[in-house]
Amino acid sequence: MPSKEDTKLFLSETEDLIQNIEDSILAFEESAGNIKAVNELFFAFHTLKGLTGMFGLENLSQFCHHFETFLNKAKESEELKEKSEDFVNLLFSSLDTLRTKLKQFKKGNFKDLDEELLNNTKKAFDNFEIEDEEALITPLDPNELKFIANKKNKKFYKIYIKILSTCVFKKVRLFIILRALNEIGHIIYSEPDPDILQMGEYGSDFSLYFITEKDDKTIATILEEILEIENLAITETSPDQLLSQTNMQKYQKKEPKSRKSEATGKSQFSDLSIQEEFMTNTSVRMSSIDDDERISDIKVDIEVLERLMNYFGELIILKNQVNQILEEKQLWDANRLFTKMDKLFLEIQEIIFQLKLVKVGSTFRRYRRMVRDLAKEYGKQVEFILEGLSVELDRKILEELSSPMLHLLRNAIYHGIETPSVRKKKGKDPMGIVRLRTFQQAGSVFIEVEDDGRGINYDDIRNKIVEQELFSLEEAMELSNEALHQILLSPGFSTLSGVDMVSGRGMGLAIVSEKIRDLGGSLTIMSKKDVGSRFILSVPFTRAIIKAQFVDVAGDLFAIPTENINKISFFDRKMIEYVKGSEFYKVSNKLVPVIWLNKIFELSNQSNEESELQGTSKIAIWCNNGRNNDAILVVDGLKQQMEVVIKPIASKFSRLRGISGVTITGDGSICLIIDVLGIMSQRLRKTENLQVEEIST
């Protein structure tokens with residue numbers, strides 16, 4: 001039974017390989033002649049075959065072998081191009097099978113693939129001509145060696161490689177090495193013999209004889225990028241030396257021996273004296289790999305990181321409490337020493353954040369399969385464009401975004417993109433475009449889902465709300481597009497008379513809006529008829545620990561994330577101007593909407609009312625949401641700034657307007673964290689002259 005560590009490694013590598021298979025299938029489908037995609041598929045299935053075989057999953061290993069064998073032949077096959085659609089369907093079917101098995105493995109069920117399914121897969125290849133797989137080591141006879149030696153640009157090398165004794169999947173690591181070398185040259189022999197080595201029958205080291213046009217530095221650079229190589233030695237040789245040092249001539253004159261007769265389990269290079277000869281040879285380029293140089297990254301269980309973040313969060317709360325006690329007792333020497341620790345806390349926090357951040361590309365690439373399948377199901381042609389895949393986001397937030405992203409992409413394909421015939425009539429390219437773009441700005445991550453389809457039909461929405469008796473016809477006609485967007489986002493609203501698997505306009509959008517609001521973000525909609533629609537999600541980088549400005553609002557304590565603050569100043573009532581009955585604050589030659597937080601939260605006391613009438617003792621906090629939308633938040637006073645740990649609000653308070661979470665202050669009391677983006681979005685929707693812009697043509 002494999003150890004717990006081996007099982008984790010198996011699941012991790014299998015998951016990566018399955019994702020590589022999906023990416024390569026999509027690339028192959030786009031271009032049936034894409035040899036790189038075929039090679040990547042071959043490598044993935046070959047590696048997966050080895051992994052599953054080592055775990056005793058013989059049927060699943062054979063399943064992968066069928067694909068590997070065919071793909072090896074497919075590199076130069078014209079027949080594959082002719083039957084590419086059938087083969088792509090077979091590949092996607094296999095992908096679904098592999099994903100299903102992986103889910104079972106993660107639950108601890110390591111049951112092998114069903115025999116019937118394996119046989120059906122084998123029969124599916126009867127429509128394709130299959131040849132035997134090509135060896136990765138191709139021995140040459142002496143005449144061929146002499147002919148190649150006459151070419152001045154060819155070099156001969158002997159490469160000694162020792163694998164770490166802790167390597168679990170030695171055969172897989174061997175294949176990676178052979179494949180990497182064959183991309184820049186040809187492996188013509190090995191010790192032990194090629195037929196033995198390729199079966200993985202070696203102790204921990206082996207030697208390869210290699211022909212290439214590259215120099216030894218290039219070879220070393222390529223091999224040093226491969227994990228679990230303990231020692232590497234490269235020496236230049238000649239054809240004559242190669243023949244004298246090996247039994248290649250004898251090997252050429254006999255049939256490859258069977259595994260049982262030749263597998264000795266001991267490498268010819270296990271003798272220490274031979275190793276020392278290689279290490280001391282002046283012509284050898286030796287890659288002595290120190291631990292610091294070799295181990296450039298490691299895999300850490302995500303649960304360990306979550307525990308680390310939770311402990312650090314509690315540490316921040318305790319730090320704030322100690323800091324407050326030191327100030328109250330006026331222990332200035334201790335307080336100064338404690339203040340110096342803040343820099344270390346910030347650096348540790350930054351490191352932990354970096355550990356929790358993942359690139360969105362790892363998740364967003366997986367949507368390509370769904371887009372492909374939906375487009376085919378509804379008879380549409382869709383080009384799916386991904387941009388900004390290197391943007392990093394907290395893993396938890398990225399996971400929470402999965403449901404909103406699925407709804408928006410389905411919405412774009414089903415409701416947005418027209419059928420090819422309709423697009424032709426409109427003068428559009430039959431191939432519709434769905435674009436998923438991610439970028440960072442002002443402490444937030446913005447994700448845009450855009451399509452060049454029919455856009456939102458606002459007349460349909462008006463007709464639907466009149467039909468449901470939500471508004472009269474006259475009232476519905478006076479509603480702005482932004483007001484209609486809010487109706488579209490309301491739970492239960494749909495423009496379809498019936499509901500299918502992708503639902504109508506509104507059903508999925510309500511889920512998106514609610515989920516984004518729970519994440520402390522916002523959703524903006526822009527659309528124009530027959531031009532397209534754009535849905536813009538704004539979410540914070542992380543929801544764990546933030547720096548916040550504590551403020552006083554009508555005697556109550558609130559916290560505002562500093563990442564949303566542009567400037568803080570004293571409130572001057574003379575800077576107030578009224579536009580269509582709404583208050584604006586003149587700042588930097590522009591008018592910015594004013595938001596009174598005491599009114600938002602319905603808080604008041606006598607001193608607050610008096611100061612509001614006099615326009616004194618107020619603070620103006622200029623906030624920005626990262627997309628050129630500003631607001632002035634008016635508060636009664638400023639407190640300190642500090643790092644705070646965001647805690648979720650209990651479910652019965654989850655819809656508390658304008659609040660994104662709570663935190664614990666230094667004295668142990670609860671402080672509400674203001675949802676700046678949410679409050680600003682509500683204010684802007686009520687301001688007629690700040691309508692959401694439409695997509696320009």
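For the structure given in this document, a descriptive report is provided here. The model shown is predicted, which means the values in this text are computed figures rather than measured ones. (Residues numbered from 1 in each chain as written. Predicted model: local features only at pLDDT ≥ 70, side-chain atom pairs only at ≥ 80, totals over all residues. Heavy atoms only, no water.)

## Notes on the packing of helix α1 (residues 4–30) against helix α5 (residues 84–106)
Packed helices, taken two at a time, are described by the angle between their axes plus the distance between the axes. Their axes nearest at 10 Å, the elements α1 and α5 cross at an angle of 160°. The angle between α1 and α5 falls in the class roughly antiparallel. Seen from above, α1 lies across α5 with left-handed handedness. Along the contact surface, α1 presents F10, L11, T14, E15, I18, Q19, I21, E22, I25, L26, F28 and E29, while α5 presents S84, F87, V88, L91, F92, L95, L98, R99, L102, F105 and K106. Per-class residue counts for the contact of α1 with α5 are 15 nonpolar, 3 polar and 5 charged. (Axes fitted to C-alpha atoms, helices over the stretch in contact; angles between N-to-C directions. Helix = DSSP H or I, 4+ residues; strand = E, 2+ residues; numbered from the N terminus. Parallel < 35°, antiparallel > 145°, perpendicular 65-115°, else oblique. Left-handed = near helix turned anticlockwise from the far one by under 90°. Contact = heavy atoms within 4.5 Å. Nonpolar A, V, L, I, M, F, W, Y, C, P; charged D, E, K, R; others polar.)

## Quick look at the sheet that holds strand β23 (residues 670–674)
On the basis of which strands lie adjacent, the open sheet formed by 5 strands has the order β21-β13-β14-β23-β22 and mixed pairing. Only two strands of the sheet have a single neighbouring strand rather than two, namely β21 (637–645) and β22 (659–664). Averaged over neighbouring strand pairs, the angle between their axes works out to 35° when direction is ignored. Judged from the 6 bridges that link them, strand β13 (residues 545–553) and strand β14 (residues 556–561) form a sheet pairing that is antiparallel. Pairing of D552 across the sheet is with L557, part of β14. Sitting on the sheet, helix α16 (residues 302–328) is in contact with β13, β21 and β22, with an inclination near 145° to β21. (Pairing = 2+ DSSP bridges.)

## What to know about the side chain of S61
In this fold, S61 is placed in helix α3 (residues 58–74). Discounting residues that sit within four places of it in the chain, S61 has contacts with K49, T52 and G53.

## Comments concerning the sheet that holds strand β15 (residues 565–570)
One open sheet holds the 6 strands; their spatial order is β15-β19-β20-β18-β17-β16, and the pairing between them is mixed. Two strands bound the open sheet, and with one partner strand each, they are β15 and β16 (576–579). Put simply, the sheet's adjacent strands are angled 35° from each other on average, direction ignored. As defined by bridge partners, β15 adjoins strand β19 (residues 619–624) across 5 bridges and the pair is classed as antiparallel. Following the sheet pairing, I565 is matched in β19 by C623.

## Section: the packing of helix α19 (residues 367–377) against helix α21 (residues 402–416)
For the pair α19 and α21, interaxial distance at closest approach is 10 Å and the crossing angle is 30°. Between α19 and α21, the crossing angle belongs to the class labelled roughly parallel. By crossing handedness, the relation of α19 to α21 is classed as right-handed. Within the contact between the two elements, α19 uses Y367, M370, V371, L374 and A375 and α21 uses S402, M405, L406, L409, R410 and I413. The class makeup of the residues in the contact of α19 with α21 is 9 nonpolar, 1 polar and 1 charged.

## Points about the pattern of salt bridges
Per the stated rule, a full pass over the model turns up 25 salt bridges. E399 is paired through a salt bridge with R395; the nearest N and O atoms lie 2.4 Å apart. Here R395 and E399 lie together in helix α20 (residues 395–400), a separation of 4 residues that amounts to about one turn. On the basis of relative accessibility, which here comes to 16%, the residue R395 falls in the buried class. Across the pair R423 and E418 runs a salt bridge, and its minimum N-O distance is 2.8 Å. When salt bridges with common partners are traced through the structure, they connect E418, R423, K426, K428, D452 and D530 into a single cluster. (Salt bridge = Lys/Arg side-chain N within 4 Å of Asp/Glu carboxyl O. Buried < 20%, exposed > 50% of the residue type's maximum accessible area, 1.4 Å probe, protein only.)

## So, a nonpolar patch on the surface
Residues L308, I351 and L355 make up a contiguous nonpolar surface patch of roughly 270 Å² in combined accessible area. Mapped onto the elements of the fold, I351 is located in helix α17 (residues 332–356). (Patch = residues over 30% accessible without salt bridge, like charges linked within 9 Å, V, L, I, M, F, W, Y side chains within 5 Å. Areas by Shrake-Rupley, 256 points an atom, 1.4 Å probe, with all protein chains shown as cover.)

## Quick word on the packing of aromatic side chains
A ring pair, where both rings are aromatic, is described by two values, the distance of the centres and the angle of the planes. In this structure the tally under the stated criterion is 14 aromatic pairs. Here the aromatic rings of F43 and F175 are separated by 5.7 Å at their centres, their planes lie at 15°, and the arrangement is stacked. Here the residue F43 occupies a position in helix α2 (residues 35–54), and F175 occupies one in helix α8 (residues 170–182), the gap between them amounting to 132 residues. Ring centres of F571 and Y585 lie 5.4 Å apart, and the angle between their planes is 25°; on these two criteria the pair is classed as stacked. Pair noted here: F571 is in the loop between β15 and β16 and Y585 is in strand β17 (residues 582–587), with a separation of 14 residues, a long-range link. Across this residue pair, the class does not change: F571 and Y585 are buried. Following the ring pairs from residue to residue traces out a cluster consisting of F10, F105 and F110. Looking at R179, its charged tip hangs above the ring of F43, at a distance of 4.3 Å from the centre. (Phe/Tyr/Trp six-rings, centres within 6.5 Å; stacked < 30°, edge-to-face > 60°. Lys NZ or Arg CZ within 6 Å of the ring centre and 35° of its normal.)

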